Structure formats: C-alpha cells, structure tokens
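Fold and geometry: a report
Each chain is listed here by its residues.
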Amino acid sequence: MKLALYLPNFRTKVTLKELEDLTSLAEDLDFDSVWTLDRIVVPEASDRTELQHSFGMMAGLPKALPVASRGEWFQGMPLIPWLAAKTTKVRIGMSITDTPFRSPGVLAAEMATIDHLSGGRLNVGVGSGWMPEEFAAASATRIFPRRHTHVRETIEIMQGIWTNDLFEYHGEFADFERCGFGVKPLQDPLPIFFSGLKDPKRSALRIAKYNLAGWIGIQDSPDEIKQWRGAIQRELDELGSSRSVDDLEISSMIWTVITDQEVDQSDNGKVTNLLVGTAGQITDRLKAYKEAGLTMPMFWPPFADVPVSKTIDDLKRIKEEILPKVEAS
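So, here's what we can say about the structure. (Residues numbered from 1 in each chain as written. Predicted model: local features only at pLDDT ≥ 70, side-chain atom pairs only at ≥ 80, totals over all residues. Heavy atoms only, no water.)

1. Some words on the overall build of the chain
For the chain, the helix and strand inventory stands at 10 helices and 12 strands. Relative to the compact-globule value of 20 Å for 329 residues, the chain shows a C-alpha radius of gyration of 19 Å, a close match. Dimensions of the chain along its principal axes, counting C-alpha atoms only, are 60 × 45 × 40 Å. The buried share among the 329 residues of the chain stands at 57%. (Helix = DSSP H or I, 4+ residues; strand = E, 2+ residues; numbered from the N terminus. Rg over C-alpha atoms; globule rule 2.2 N^0.38 Å. Buried < 20%, exposed > 50% of the residue type's maximum accessible area, 1.4 Å probe, protein only.)

2. Digging into the pairing of strand β7 (residues 175-179)
One ladder, built from 3 bridges, connects strand β6 (residues 167-170) with β7; its direction is antiparallel. Across the sheet, the residue bridging to His170 is Asp175, located in β7. Here β6 hands over to β7 after 4 residues, the two strands then running antiparallel side by side. (Pairing = 2+ DSSP bridges.)

3. Structural notes on the nonpolar core
Core analysis: the largest hydrophobic core is formed by 70 residues, its most contacted members being Val124 and Trp162. Looking at this core element by element, the count peaks at 7 residues for helix α10 (residues 308-328). With near-sequence residues (within four places) excluded, Val124 lies in contact with Met111, Met158, Trp162, Leu190, Pro191, Ile192 and Phe193. Formed by 24 residues, the second largest nonpolar core is a distinct cluster that contains Trp35, Val67, Trp255 and Met296. (Core = buried A, V, L, I, M, F, W, Y, C linked by side-chain atoms within 4.5 Å. Contact = heavy atoms within 4.5 Å.)

4. A closer look at the packing of helix α1 (residues 16-28) against α10
Look at α1 against α10: their axes get within 10 Å of each other, and the N-to-C directions meet at 5°. One element, α1, and the other, α10, form an angle in the roughly parallel class. Here Glu18, Asp21, Leu22 and Leu25 of α1 come into contact with α10, specifically with Val308, Thr311, Ile312, Leu315 and Lys316. Grouping the constituent residues of the contact of α1 with α10 by class yields 5 nonpolar, 1 polar and 3 charged. (Axes fitted to C-alpha atoms, helices over the stretch in contact; angles between N-to-C directions. Parallel < 35°, antiparallel > 145°, perpendicular 65-115°, else oblique. Nonpolar A, V, L, I, M, F, W, Y, C, P; charged D, E, K, R; others polar.)

5. Structural notes on the side chain of Asp220
Here Asp220 shows up in the loop between β9 (214-218) and α8 (222-239). Asp220 gets classed as buried once you look at its relative accessible area, which sits at 2%. Within polar-contact distance, the side chain of Asp220 engages the side chain of Ser252 at 2.7 Å. Polar contacts involving the side chain of Asp220 include one to the side chain of Lys270, which spans 3.2 Å. Residues in contact with Asp220, not counting those within four places in the same chain, are Lys198, Trp215, Ile225, Ser252, Ile254, Lys270, Leu274 and Tyr289. (Polar contact = N/O pair within 3.5 Å; in protein donor to acceptor, adjacent residues only side chain to side chain.)

6. Details of the pattern of salt bridges
The full count for this structure, using the stated rule, is 21 salt bridges. The closest approach of N and O atoms between Lys209 and Glu156, which form a salt bridge, is 3.6 Å. One end of the pair, Lys209, is in helix α7 (residues 200-210); the other, Glu156, is in helix α6 (residues 147-163), with 53 residues separating them in the sequence. Put simply, Lys290 and Glu327 hold a salt bridge, and the shortest N to O gap is 3.6 Å. In this pair, Lys290 sits in helix α9 (residues 279-292) while Glu327 sits in helix α10, placing the two residues 37 residues apart along the sequence. The class for Glu327 is partly exposed, based on a relative accessible area of 35%. Through salt bridges with shared partners, one network takes in Lys2, Asp32 and Glu249. (Salt bridge = Lys/Arg side-chain N within 4 Å of Asp/Glu carboxyl O.)

7. A short note on the environment of Thr283
With respect to the helices and strands, Thr283 occurs in helix α9. Residues Thr283 and Gly125, 158 residues apart in the sequence, show an inter-C-alpha distance of 28 Å. Setting aside residues up to four positions removed in sequence, Thr283 forms contacts with Ile322, Lys325 and Val326.

Here's what the structure looks like:
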C-alpha cells in the first residue's frame, strides 16, 4: 500500500512554512506522492451556505465550502513547481486539476515542463469541477453543462502534444492547426489520474482508450472501493479491453486524524469518520481498505481545528506504527 499526502493549501489560514514542513516529512517518510488542492475562488455566498450545490455535489454536506471567502489559502497549481524544487524523491501532483479552468494546450505544455523540473516525478490529475460559481469566476460558465466533454478533449490534447513533434486538434473546446509545444515529458507515458466520474461505463471507456494510470475518489468507504473496482472491471471485460482494474492506482482523499478516544465510525455517508479514530481504529480501517483494493490512501488533514503539528505527528505514527501492522495482515 502506497501512502499519499493531500496538502492543506486550502484552509482559511495556512502558511508556506507549514506546507513545506509537511512536504519535507512526506519525503523523509518515503511517501509515494504529495498532492495540492485545486480551488480558484471561495464565493462570498458560501459564507451564507447559499452555493448552488452542496460541497462537491455530495449528499449530506452543506451548500458551502469549509473555508471562508476571506481566507488566505494558496492556489494549488503554482505550488507544483515549488514542490518540484523542494523535493527529490516524492511524486507530485494536483488532485484534481479542473480542466475547464485551463486551456488544454497550455496545460499540456506546462505539465511537460514541470515534469522536467521534477526530474520525471509528475502525476497529472484531471477532473471536471462541480461549482458553477467557480466556473463563472474562471470565465468558463459556458463550459459547465459540457464539462465532462472538456475533460475528454483535454486528455486527448495532452496526450497528442506529449507524443507528437507537431500536433493539431479540432474539437468543441479547442481548434488549432499543427503546432509545436516545446519539450516532451520525461515520463513516457506521463501518468494521468482521473476523478469525479462515478460512471463505470464511461470510466472504463476512458481507461481503455487513454491508458489512464489511476483513479482518485473522495471519502470512499472500503465497501464503495470494492464495488467501484468491480463495476469498472465488469465494464472493461464487456469492452474486451486488455486493461485490468488491477493495473490502476486506486486512491481516495480521506480526512485523517488520530484521536485518543475511540470515535463513532458507523456509516454516515461522505461525513463518516473513515480515518478519524484511535490508532487501532485506523489500523483496522486501513486493513479493510487494503482488502477492498485501495492501493494508495491519500491522507487529508481536516480543514480546521487540527494544527499542522498534530498532522505531522499523525503521519509519523501512520508510517512507523500503523502501516507495518496493515502490511502484515
């Protein structure tokens, strides 16, 4: 089981020193990867719980973000080359890059350059976004109803630019003649992770067609992981694809805190305390995740009330005390 860290760059208050300390720890503990969070804006309407949709379009969550509109968070994308310069071993990425906020050709070229800056340690995560207010702030309102198509075109354009000296594309969101886009990535292929598409048929089609490297979910239970893997595999078999779900890195972003007292971990949808609990509870849960086929838990420090110093201690305990017990199971 690989370990990943979801940096808390999206908080009402966070410092670069805190992000640097967490990244340095992940490198020292031989984590597989460190990921930033993509958030363009926090609408003021969020402070009043008046967003058009609940957080992440997830049932049971409020129509608000867990960060104040006047918060001092850091944008995830500019942190990626910074992480490349701060590290030498750990892989880096953003979970998940909302493609409608970026020009596909520009994104592809920038990712190739960042792969060089990192010495070939970049993971590229792509997703569609969910918040209409954010689409408006990114001048992408018209894309919202067609955002999943935008993701597909972006994948095609990225892979075309990364593998051809000259590339042209004629689609709904990009239309350009043959162009060169500079350096090719060091990695061949540059791994692409996808997220937010809980449709096994469409997911299997993308996995098979674009040779995707992994999937990243959010607050998924072991049962959900097991069911999701099974559904994708059935669709891949139906397609006659040579790809297997076992080829995929299966990850999920999960709020993580080690507590002194046991907590209620009974099913409460996406707000279940999946990885919040005592060391024993988290050990048992990670064993269940391993059995279900989660290959890379992405530990996600909560948005508030848990200082970075506490998260640092928790990550050390997970790697040094808890993971050996999980791997021995």
